[in-house]
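Below, each chain spelled out in residue letters.
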There are 2 protein chains.
Amino acid sequence: HKENSPFLNNLEAGKGGDYYDKNLALFEEELDIRPKVSSLLGKLVNYTNLTQGVKEHEEAESTDGSKKKVSKSPSMGTLMGVYLPCMQNIFGVILFLRLTWMVGMAGVLQSFLIVLLCCCCTMLTTISMSAIATNGVVPAGGSYFMISRSLGPEFGGAVGLCFYLGTTFAGAMYILGAIEILLTYIVPQAAIFHPSGAHDASSAMLNNMRVYGTVFLLLMAVVVFVGVKYVNKFASLFLACVVISILSIYAGAIKSIFDPPEFPICMLGNRTLSRDQFDVCAKTIVKDNITVASKLWKLFCLNTNLTTNCDEYFLLNNVSEIAGIPGAASGILKDNLWSNYLEKGEILEKAHHPSVDAAGQKNNLHLYVLSDIATSFMVLVGIFFPSVTGIMAGSNRSGDLKDAQKSIPIGTILAIVTTSLVYFSCVLLFGACIEGVVLRDKYGDAVNKNLVVGTLSWPSPWVIVIGSFFSTCGAGLQSLTGAPRLLQAIAKDNIIPFLWVFGHGKANGEPTWALLLTALIAELGILIASLDMVAPILSMFFLMCYLFVNLACAVQTLLRTPNWRPRFKYYHWALSFLGMSICLALMFISSWYYALVAMLIAGMIYKYIEYQGAEKEWGDGIRGLSLSAARYALLRLEEGPPHTKNWRPQLLVLLKLDEDLHVKYPRLLTFASQLKAGKGLTIIGSVIQGNFLETYGEAQAAEQTIKNMMDIEKVKGFCQVVVANKVREGIAHLIQSCGLGGMKHNTVVLGWPYGWRQSEDPRSWKTFIGTVRCTTAAHLALLVPKNVSFYPSNHERYNEGNIDVWWIVHDGGMLMLLPFLLKQHKVWRKCKMRIFTVAQMDDNSIQMKKDLATFLYQLRIEAEVEVVEMAQLVKDRHSIARLESLYSDEEDEADPVPENIQMTWTKEKCDSEKRNRSSAVGTFRDLISIKPNQSNVRRMHTAVKLNEVIVNRSHDARLVLLNMPGPPKNTDGDENYMEFLEVLTEGLERVLLVRGGGREVITIYS
Amino acid sequence: HKENSPFLNNLEAGKGGDYYDKNLALFEEELDIRPKVSSLLGKLVNYTNLTQGVKEHEEAESTDGSKKKVSKSPSMGTLMGVYLPCMQNIFGVILFLRLTWMVGMAGVLQSFLIVLLCCCCTMLTTISMSAIATNGVVPAGGSYFMISRSLGPEFGGAVGLCFYLGTTFAGAMYILGAIEILLTYIVPQAAIFHPSGAHDASSAMLNNMRVYGTVFLLLMAVVVFVGVKYVNKFASLFLACVVISILSIYAGAIKSIFDPPEFPICMLGNRTLSRDQFDVCAKTIVKDNITVASKLWKLFCLNTNLTTNCDEYFLLNNVSEIAGIPGAASGILKDNLWSNYLEKGEILEKAHHPSVDAAGQKNNLHLYVLSDIATSFMVLVGIFFPSVTGIMAGSNRSGDLKDAQKSIPIGTILAIVTTSLVYFSCVLLFGACIEGVVLRDKYGDAVNKNLVVGTLSWPSPWVIVIGSFFSTCGAGLQSLTGAPRLLQAIAKDNIIPFLWVFGHGKANGEPTWALLLTALIAELGILIASLDMVAPILSMFFLMCYLFVNLACAVQTLLRTPNWRPRFKYYHWALSFLGMSICLALMFISSWYYALVAMLIAGMIYKYIEYQGAEKEWGDGIRGLSLSAARYALLRLEEGPPHTKNWRPQLLVLLKLDEDLHVKYPRLLTFASQLKAGKGLTIIGSVIQGNFLETYGEAQAAEQTIKNMMDIEKVKGFCQVVVANKVREGIAHLIQSCGLGGMKHNTVVLGWPYGWRQSEDPRSWKTFIGTVRCTTAAHLALLVPKNVSFYPSNHERYNEGNIDVWWIVHDGGMLMLLPFLLKQHKVWRKCKMRIFTVAQMDDNSIQMKKDLATFLYQLRIEAEVEVVEMAQLVKDRHSIARLESLYSDEEDEADPVPENIQMTWTKEKCDSEKRNRSSAVGTFRDLISIKPNQSNVRRMHTAVKLNEVIVNRSHDARLVLLNMPGPPKNTDGDENYMEFLEVLTEGLERVLLVRGGGREVITIYS
């Protein structure tokens, strides 16, 4: 794992001769491997702005011939490098085409609110961006690099793609805007589709947009493909257009105070008439001294003589003419203060204007000016937002800046302040100078198809029409230039593999494929055709992008990531959080379903990148999140042992390694994975004998081996290898200290010490018994699979057969739970579970069987139940002989001959037995006294007898589970104990010895 | 922690005499403490249905006098105990009042879809409920007990409260429904408020509803308060009303085939006329052979003579009469197949009926039948859903059932199937028999203010009117009876402390306060007054409740909770998941903002209960979630060491305990908490000397002590006490094996072995050096705070002063990062950071200072920078003398006299020095050969000299951070090493010795 650090060459530095300097003799050992401060600092001089981490991008940049060589001129100041580009990107087509309309619909006050919300959002995002920019050396390559290097591939990729999609749709929006200007205000006669009926107007316009838009897009794509360098050169020209246009608005507004321009609008009653179908605004005209019907009359009435066969509303109301631009001195502002939202198709009406209602009848709608879409605060937010985006334009030039860390915050914030002031003043001026119905008239139908904002401007409306057309075209070109480059950069980072093709380009590095994709996506936007529909889409993507930036900043602060030390003074996490909230609110305000879709897309990108496991050497500021999450989850857990309901085996598997550090019994892991403990905790522990100071490397190697084996056996869990002087001590420590907080093991899985009898070294079985004692002391459960090599692998399937449980002592229910858990695994799924229990002389075996069945029913465990009756010790002699033979080292492994000991205890027999029993109690009591002396003999009897019964019934079982007897209290009996266990499990293929941890693990309650 | 297990009396059982039975001698040790199988099984017989866990509730129940004693009659079968109660609860007022209207608006097909969605939702929830009911012994006390005992207090409380709120609002809905029936269909003349104008009709009705509703609510509350036992007795009566009503619908539908009832509706054009203001459905009537204007004429025209001063639409269209109930044989079904949603205030029109449009003019609206609310698929879902709720009625009787585990699933599912079939058939019959405009006519205005469903019924509309009125009143009473009891049960569980007051009741256990609250909440619903507004609210709560049930089941399966073994065969987690999704979808479909609010409320309840830390002995099935979360989070982490950007100190604090197991230096913990490592990982480790088998208890006690101390010092983290034969070994093991997966410590905090010189036991410092070696071997960083007792407590505040860093060797940047982290804590916040570095003869100190400042700027760390120049060893003799004096055990602690060694290195001097240096390299090289012999002397020189410089500059610093020299390779020099450290730190109040872990921990990149 190569670290992205400034100190890569530590070792090299150490090789210099000056560490023999006597003054630092104390630190000789350190100086061997670590650099002295002075030599380190000397190297830092070379770092400046262009540092190793960024070099690769620099190279990528330099092969990308079209962009200016960054190394040539990192000399731009705040004004040229950040302020002006930001300004140019922020101002856009919405200001000219929709701001008047917005003011008309929402009123001045709500428009202020919209502008305020949107500007706050970008301002707060800029503060977050500034924090990112001042948190370490800023790489060249723009905001995408800045964000992705700072926040990691997941956030970087998501932000980058959102930004890309936003920019692409912005391109589409600019093209649509340009065509709207062209076809509505410059050359309306160029339209290809003409409305054939009254209701057809808008769809004809949309089709015009689609055709012209596609043509424009193609043209622009060709321009970008051929001569991208000219696009950037014209940037200042475009900015000039914008500035001149805005100035002309201000000029017009000032002029309107004393000399308002002549834009009369014709009203019928309080309804606004569309001006394009008639000339004179009157019902009659006096022509040759004769009063004849005007054109208007003809439109509303079926005939031209002045009889009454007319539209009723026309008859009832007067035609009047009012000033479209009353000017700032007229006090029209107070009419425009409040909102006036309209439904689709409503007629624009001037409030308080005299009007006689014709009984709700609405005819001849095509003669009035209508609202073409339904408006509301929410809709307007979505449409306005694109005019505050573009705040990343400054950051995108990070490579060209003399002092990026200072210029980016100052320049961007100033640009936002400037543009916000322009918007606020424009809202005010429009509200103060223009008549409400004209404001609400989106396409200037009432003012002779003039651009509404143009009517206010001075010296001529054409200033703005032409200015906005060129600036809009320019902005479109810039979007089409920028977006493919961004996509190329993301693709080259290779964090989203399926984008790789877009990383390639022409010989000169031009991103041909990326341009193609961009054009295709932009074409989607153009096919939507309506500016008012495209704007919310790109709002969504930009908001998403800003949301991520704010979120990442807030998270880093709240996690106290040590590396998050932004130098930007005015940064505070609460601002980022507020910014994030505003972004979220704006998204849901403008359209909650778009918002959900956008979040889904961004979330999917994030998860996809995470899933792809993009291991970038940039690191990320967010990884701390998973650490915090893990810590939080662990701290929550540490509330004591879980309820019986939640008990699940949390395994500590003690693995033996051979001399070559290979796993000796990998089937132990297989068994652990089959226990479905995967859903609980599995820790694989192992001990290496040796001295820690010397065997650290060996331990690491062993850990790696075990991890590989865990991958093979599909055990999900943790691995812990310790080095200890004695294996027993190591195991004792593992048992004590594995796990963390609430994530502790409660069950130890231990291998059987095979061949302990042959081994000359008694340590093998002493370690075993020691471990058994340890688990008992630590109140842990213990599982000892014997003949573990015969256990099935994960690929085997047992299609039949039984798992037999010999339930001799109730030990917390482990014996019942384990087969249930095993049966969850494919290998054991088809096995049947049988539970045997041993009836004594005094037990009513029939009742016992019934009780056992009820018990298992309540435990919801399906199992066949059998009660095995054992005769009293009739073969004492045989057993003793056997015991003696064992002690004489005679390895007689012959299977004991199973006898048919099955009897049926009838009720009578049982009762009589009980009577006998009660008298016999005294006799049994006497046995206590002889216990210490004869116990071993008696135990061996039990073992032999039990083994006989078990082998008899379970010799063909797939697995036999058995209570494991406890180890003797004093170590003298250790060897006998091992013998007992051997005898008990003799002749069984697969045995699992189970010892409970002293608590209940299964319950009949839900 | 008392376990809720069936084996509580283990010890007692063990005391029985029969474990001396010889056959089990092998398990003697186990039998001492654990029960033998046979004796255990014998006890199980007593368990049956009423088990310990439920006893408390039983007691609670039995004090609650009104309910039947469960122990008396747990004898109800599926039919009486589950099926009929469920039926009665599911059928409700919506069927009678809104189903026809729904079919009219949504059409038969979409109505089918609505019914299907809602019924699927309840069916899947029932399957989940069945799984819960068959997962262990079912407690008496109803669904709330079942769910809370199974899923834990959080889910239980949230589900319970949602269920309570749903039931309460259902009560309000039933009351509103009853009043609607009363005032619209039975005694319209009883209305208090009368519409004063045309637009006033609905608001007058709402006010009537409010007044009558409040009266009804009061009456019902009194009935419930006084005579709750009668309410339950009338349940069968209410059910009978419902059944009779439904049967009369079927009868009417069959009759309509051959003899449709006479309900003519009067149409004007295609518009439906409201029948209540005229009698004859014609424009004119022939009276005394003279054609005179009818009443209808008078309504539409201003005068009664037959001239044209009339409503235009009236003139243009004919008046016609069509059959309201054409009958099933008429084929009207195909007209009603498709949806016909209306906006608010739209006139009900019959499609395809001849009509001449009067140019969009709509007058005299009050004469037509209008749609009173806007409808859509979504709205109808919300209104219909309450008619499928009530599925928990069967589970609520769990205590009364003979075999709850069988009856609940079967009975509930059958009830849902029955009711679903009724709904489907009703939708079909309504669509097939009733004219569309009548269906859409909510209040039967077109059919003489008859209940629409009543017009279809046979023998009389009154059957349904009366039947539905009584059943609705009954359902309201039942809601008001059930809800307070549920609230009382929740309050008695004490999982939501602020509800405690509602746990109290009258002397006979009646929940008085709960009834009061219920009535108040129901009053809220009544003030809303519109059935169509209240229905979605209760839908929301029920859906929320069902959502939780499904979620909990799905989660338990997916987590593979071992105790989750439902015996219900048809359960599958995918069904629960589907049910959950449908619930969620229905919530958002019917109203996304209500859904958000409901989820917020439920989430808040969940979090509140979680926060209150309700430790119930029931356990929960969901705690596995936190385990899984922790495991998942940990497994995610284990991806190798974090990036330098994310490096943060993860501390392992090695704590020394004294003989009484008290913490010796608690300030080590204070220091750890001040390092804000709280956001990283903190493990407090300690070693107890001894044998693990014997000292387990001691270790537990020590752990508790340390945990208490951690709470006091506000260290959030984990504690790990191990028992080891030797302390050194224990520490080595802690260093090796603490932490889990990716949550491993990377920094060890170690106390200084104070008084090692005086101690006769060399182990104290040998352990120290051993630990230093261990951390080095394990590549961990090491922090040794010296004089830790002088470190500030968490309550102190340093308002001034410096943290001084002596940066001698670059050791990964720990020295820079630690003061930054410390300064995050209140204690150190106001301290200033100073960085000193030592310039050698050949260093350009001015350039060094500049470089250092740049470096720190890029690291974004604010610190004063100083370069200290050290003269060549001019005091060799002095140092050697000192060294000798140390070895002669002379404890000379006098402060060394600081000399003024500050010089300014000018550029020239530096250059000349460099020239000298290059020729001197050879000389330095020679030193290598003498290194082994003279190194100790030279090291001591360095230590003394460095100490002089440090004391000179930093004697008043709050904290001095210093590189810690590495330990000698061979153990011979150990004692010297300790001396070096003592000399180096002599005369400084608080020193923190820092040793890096061999990797970078700080970077200039963002």
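In every chain, residue numbers begin from 1 and rise along the written sequence. Naming scheme: in the order in which they are written, chains are lettered from A and ligands are numbered from 1. Under the rules for a predicted model, residues below a pLDDT of 70 receive no local features and side-chain atom pairs below 80 are neither given nor counted, while totals for whole chains, interfaces and linings still include all residues. Side-chain measures here rest on the full set of heavy atoms in the structure, leaving out hydrogens and waters.

S.K.: Is there a simple way to explain the pattern of salt bridges in this structure?
M.R.: Where charged atoms from two side chains of opposite charge come close, those side chains can pair. Salt bridge, as applied in this entry: a Lys or Arg side-chain nitrogen positioned within 4 Å of an Asp or Glu carboxyl oxygen. Under the definition given, this model contains 36 salt bridges over all chains. Put simply, Lys442 of chain A and Asp532 of chain A hold a salt bridge, and the shortest N to O gap is 2.3 Å. Of the two residues, Lys442 of chain A is situated in the loop between helix H18 (436–440) and helix H19 (452–456) and Asp532 of chain A in helix H22 (residues 531–558); the sequence distance between them amounts to 90 residues. Between Arg275 of chain B and Glu321 of chain B there is a salt bridge whose closest N-O contact spans 3.1 Å. Of this pair, Arg275 of chain B sits in the loop between strand E2 (271–272) and strand E3 (284–287) while Glu321 of chain B sits in strand E5 (residues 319–323), placing them 46 residues apart in sequence. Classification of residues uses two cut-offs on accessible area relative to the type maximum, computed with a 1.4 Å probe and protein chains only: under 20% is buried, over 50% is exposed, and between them is partly exposed. With a relative accessible area of 9%, Arg275 of chain B lands in the buried category. It is possible to trace a salt-bridge network through shared partners that takes in Arg98, Glu180, Asp372, Lys442 and Asp532 of chain A. Helix numbers and strand numbers start at the N terminus; a helix is a DSSP run of H or I with at least 4 residues, a strand a run of E with at least 2.

S.K.: Sorry if this is basic, but what is going on with helix H30 (residues 814–822) of chain B here?
M.R.: An α-helical segment advances 3.6 residues per turn. Residues three or four places apart therefore align on the same side. The element H30 of chain B is extensively covered by neighbouring structure, given that nine of its nine residues are classed as buried. Residues of H30 of chain B that are buried include every one of Met814, Leu815, Met816, Leu817, Leu818, Pro819, Phe820, Leu821 and Leu822 of chain B, and no others.

S.K.: Please explain the packing of aromatic side chains as it appears in this structure.
M.R.: Residue and element names in this part refer to chain B. Two aromatic rings, drawn from Phe, Tyr or Trp (for Trp, its six-membered ring), form a pair once their centres lie within 6.5 Å of each other, and the interplanar angle then sorts them: stacked below 30 degrees, edge-to-face above 60, tilted otherwise. Throughout the structure, instances matching the rule amount to 59 aromatic pairs over all chains. Each ring, one from Phe163 and one from Phe542, has its centre 5.9 Å from the other, and the planes form 75 degrees; the classification is edge-to-face. Residue Phe163 is found in helix H9 (residues 153–186), and its partner Phe542 is found in helix H22 (residues 531–558); the two are separated by 379 residues along the sequence. Of the two residues examined, Phe163 and Phe542, each falls in the buried class. Pairing Trp564 with Tyr571 gives two aromatic rings, centres 5.8 Å apart and planes at 85 degrees, and the pair type is edge-to-face.

S.K.: Just checking my understanding: could you explain the nonpolar core for this structure?
M.R.: Grouped burial of nonpolar side chains is what soluble globular proteins tend to show. Counting residues in hydrophobic clusters, the biggest one holds 247 residues, and the most contacted among them are Met743, Phe768, Trp806 and Met816 of chain A together with Met743, Phe768 and Trp806 of chain B. In what follows, a contact means two residues having at least one pair of non-hydrogen atoms within 4.5 Å. For Trp806 of chain A, the residues in contact, after removing those within four places along its chain, are Leu815, Phe836, Val838, Val868, Val949, Ile950, Arg953, Ser954, Val960, Leu961, Leu962 and Asn963 of chain A. Side-chain atoms within 4.5 Å are what join buried Ala, Val, Leu, Ile, Met, Phe, Trp, Tyr and Cys residues into a set we call a nonpolar core.

S.K.: Where do I start with the side chain of Ser387 of chain B in this structure?
M.R.: Residues and elements named next belong to chain B. Tracing the backbone shows Ser387 in the loop between helix H16 (377–384) and helix H17 (404–433). Residue class for Ser387 comes out buried when judged on its relative accessible area of 1%. Polar contact is the term for a pair of N or O atoms within 3.5 Å; when the atoms are in protein, one must be able to donate a hydrogen and the other to accept it, and sequence-neighboring residues count only if both atoms are side-chain atoms. A polar side-chain atom of Ser387 sits 2.6 Å from the main-chain carbonyl oxygen of Phe384. Apart from residues lying up to four places away in sequence, Ser387 is in contact with Ile90, Ile94 and Tyr423.

S.K.: Would you mind going over a positive patch on the surface with me for this structure?
M.R.: Judged by side-chain charge, Lys726, Arg728 and Lys766 of chain A together with Lys726, Arg728 and Lys766 of chain B come together as a positively charged surface patch. Structurally, the position occupied by Lys726 of chain B is in the loop between strand E8 (718–724) and helix H28 (727–737). Patch membership requires over 30% relative accessible area and the absence of a salt bridge. Like charges are linked within 9 Å, and nonpolar side chains (Val, Leu, Ile, Met, Phe, Trp, Tyr) within 5 Å. Using a 1.4 Å probe, accessible areas were evaluated by the Shrake-Rupley method; residue-level cover was limited to the displayed protein chains. For this count, His and the chain ends are skipped, Lys and Arg are scored as positive, and Asp and Glu as negative. Lysine's charge is taken at NZ, arginine's at CZ, aspartate's at CG and glutamate's at CD.

S.K.: Is there a simple way to explain helix H27 (residues 692–712) of chain A in this structure?
M.R.: With 21 residues, H27 of chain A extends 28 Å between its outermost C-alpha atoms, agreeing within 8% with the 30 Å of an ideal straight helix rising 1.5 Å per residue. At Glu698 of chain A, H27 of chain A shows its strongest bend, of approximately 30 degrees. For H27 of chain A, every residue scored as buried is listed here: Phe692, Thr695, Tyr696, Ala699, Ala702, Glu703, Ile706, Met709 and Met710 of chain A. On its buried face, H27 of chain A sits against strand E6 (651–655), helix H26 (667–674), strand E7 (682–689) and strand E8 (718–724) of chain A together with H28 and helix H29 (763–777) of chain B. Just downstream of H27 of chain A, Lys714 of chain A is the residue with a positive phi angle, here 55 degrees. The span expected for a helix works out to 1.5 Å for each residue beyond the first. Two axes are fitted around each residue, one to the seven residues ending there and one to the seven starting there, and the angle between them is reported as the bend at that residue.

S.K.: Teacher, can you tell me more about a nonpolar patch on the surface here?
M.R.: A surface patch of nonpolar side chains, amounting to about 950 Å² of accessible area, comprises Leu584, Phe588, Trp592, Tyr593 and Leu596 of chain A together with Leu584, Phe588, Trp592, Tyr593, Leu596 and Met599 of chain B. Of all the secondary-structure elements, those providing two or more residues to the nonpolar patch are helix H23 (573–590) and helix H24 (592–612) of chain A together with helix H23 (573–590) and helix H24 (592–612) of chain B. Looking at the nonpolar patch, the element that brings in the most residues is H24 of chain B, giving four residues. As for its placement among the helices and strands, Met599 of chain B is situated in helix H24. The exposure class assigned to Met599 of chain B is partly exposed, which follows from its relative accessible area of 30%.

S.K.: Any chance you could explain the state of the cysteines here in plain terms?
M.R.: Residues and elements named next belong to chain A. In this description, the term disulfide denotes a pair of cysteine sulfurs within 2.5 Å. Within this structure, the stated rule accounts for two disulfides over all chains. Each sulfur of the disulfide joining Cys266 and Cys281 lies 1.8 Å from the other. The disulfide joining Cys266 to Cys281 has a torsion of about 85 degrees about its S-S bond and is therefore right-handed. Linking Cys266 in strand E1 (residues 264–268) with Cys281 in the loop between strand E2 (271–272) and strand E3 (284–287), this pair joins segments that are 15 residues apart in sequence. Exposure remark for Cys266: the relative accessible area of 0% places this residue in the buried category.

S.K.: Would you mind showing me how to read the confidence of the model for chain A here?
M.R.: The predicted structure's coordinates, where accompanied by low pLDDT, should not be read in detail. Residue and element names in this part refer to chain A. Looking at chain A as a whole, the pLDDT averages 81, with 83% of positions reaching at least 70. Per-residue pLDDT, averaged within each element of chain A, yields its smallest value for helix H1 (residues 10–15) (36) and its largest for helix H7 (residues 99–133) (94). Counted against residues more than four places away or in other chains, residues 1–20, with its pLDDT under 50, gives 42 contacts. What pLDDT conveys is the predictor's confidence in a given residue, as a value from 0 to 100. Across residues 883–933, confidence stays below pLDDT 50; counting only partners more than four residues off in sequence or on other chains, it has 48 contacts. Both scores are available for the predicted complex, with the pTM at 0.75 and the ipTM at 0.77.

S.K.: What am I meant to see in the sheet that holds strand E1 (residues 264–268) of chain B here?
M.R.: Two modes of strand pairing occur in sheets, parallel and antiparallel, and in both the strands are linked by backbone hydrogen bonds. With antiparallel pairing, three strands are arranged side by side in an open sheet as E2-E1-E5 (chain B). In this open sheet, the two edge strands, each paired with only one partner strand, are E2 and E5 of chain B. Strand pairing is assigned whenever DSSP identifies at least 2 bridges connecting the two strands.

S.K.: Any chance you could explain the packing of H22 of chain A against H24 of chain A here in plain terms?
M.R.: For any two helices packed against each other, the geometry comes down to the angle between their axes and how far apart the axes lie. Residue and element names in this part refer to chain A. Where H22 meets H24, the axes come as close as 10 Å, and the angle between the chain directions of the two elements is 50 degrees. The angle between H22 and H24 places the two elements in the oblique class. H24 is crossed by H22, and the crossing has right-handed handedness. Residues Pro536, Ile537, Met540, Met544 and Phe548 of H22 form the contact with H24, whose participating residues are Tyr594, Ala595, Ala598, Met599 and Ala602. Asp, Glu, Lys and Arg are counted as charged, while Ala, Val, Leu, Ile, Met, Phe, Trp, Tyr, Cys and Pro are counted as nonpolar; the rest, among them Gly, fall into the polar class. Its residues placed into classes, the contact of H22 with H24 shows ten nonpolar, no polar and no charged. Only C-alpha atoms enter the line fits that serve as axes; for helices the fit covers just the stretch in contact. Angles between N-to-C directions range over 0 to 180 degrees. Geometric relationships in this document are graded by angle, where less than 35 degrees denotes roughly parallel, more than 145 denotes roughly antiparallel, 65 to 115 denotes roughly perpendicular, and other angles denote oblique. Left-handed is the label given to a crossing in which the near helix is rotated counterclockwise from the far helix by less than a right angle, and right-handed is the label when the rotation is clockwise.

S.K.: In this structure, what is going on with unusual backbone geometry? I would like to understand it.
M.R.: Most peptide bonds adopt trans geometry, and most residues besides glycine take a negative phi value. For the bond running from Trp458 of chain A to Pro459 of chain A, omega is 10 degrees, close enough to zero to count as cis. If you check the backbone angles, Lys449 of chain B has positive phi at about 60 degrees while not being a glycine. Tracing the sequence through the fold places Lys449 of chain B in the loop between helix H18 (436–440) and helix H19 (452–456).

S.K.: Is there a simple way to explain the pairing of E6 of chain A in this structure?
M.R.: Looking down a regular strand, the side chains alternate between one sheet face and the other. Residues and elements named next belong to chain A. With five of five residues buried, E6 is to be regarded as a mostly interior element. Burial along E6 is two-sided: the face carrying Leu651, Val653 and Leu655 and the face carrying Leu652 and Leu654 are both buried. As judged from the five bridges shared by E6 and E7, these two strands associate in the parallel manner. If you follow Leu651 over to E7, its bridge partner there is Thr682. Bridge analysis of E6 against strand E9 (residues 747–750) gives four bridges, and the strand direction is parallel. By the bridge assignment, Val653 is partnered in E9 with Val749.

S.K.: Help me understand the sheet that holds strand E14 (residues 959–963) of chain B in this model?
M.R.: Residues and elements named next belong to chain B. Taken together, ten strands build an open sheet; the order of strands is E8-E7-E6-E9-E10-E15-E14-E11-E12-E13 and the sheet is mixed. What marks the edges here is a single partner per strand, and that holds for E8 and strand E13 (864–869). Across the sheet, the axes of successive neighbouring strands diverge by a mean angle of 20 degrees, strand direction being ignored. With four bridges connecting them, E14 and strand E15 (residues 991–995) associate as parallel partners. Looking across to E15, one finds that Leu962 is bridged to Leu993. Against the sheet, H29 contacts strand E6 (651–655), strand E7 (682–689), strand E9 (747–750), strand E10 (781–786) and E15, and its axis sits at roughly 170 degrees relative to E9.

S.K.: Hey, could you run me through the packing of helix H28 (residues 727–737) of chain A against helix H29 (residues 763–777) of chain A in this one?
M.R.: Residues and elements named next belong to chain A. Contact geometry for H28 and H29: axes closest at 10 Å, N-to-C directions at 20 degrees. It follows that H28 is roughly parallel to H29 by the angle criterion. Judged by the sense of rotation from one axis to the other, the crossing of H28 with H29 is right-handed. For the pair H28 and H29, contact is made by Val727, Arg728, Ile731, Ala732 and Ile735 and by Lys766, Thr767, Thr771, Cys774 and Thr775, respectively. Classifying every residue of the contact of H28 with H29 gives five nonpolar, three polar and two charged.

S.K.: Hey, could you run me through the pairing of E14 of chain B in this one?
M.R.: Residue and element names in this part refer to chain B. Judged by how many residues are buried, E14 sits mostly within the fold: five of five residues are covered. Because side chains alternate across E14, one face comprises the buried residues Leu959, Leu961 and Asn963, and the other comprises Val960 and Leu962, equally buried. The pairing of strand E11 (residues 802–807) with E14 spans four bridges and is parallel. Paired with Val805 across the bridge in E14 is Leu961. By convention a crossover is right-handed if, when the strands point away from the viewer, the path from the first strand over the helix to the second runs clockwise. In this fold, E14 hands off to helix H34 (residues 974–985), which returns the chain to E15; that crossover is right-handed.

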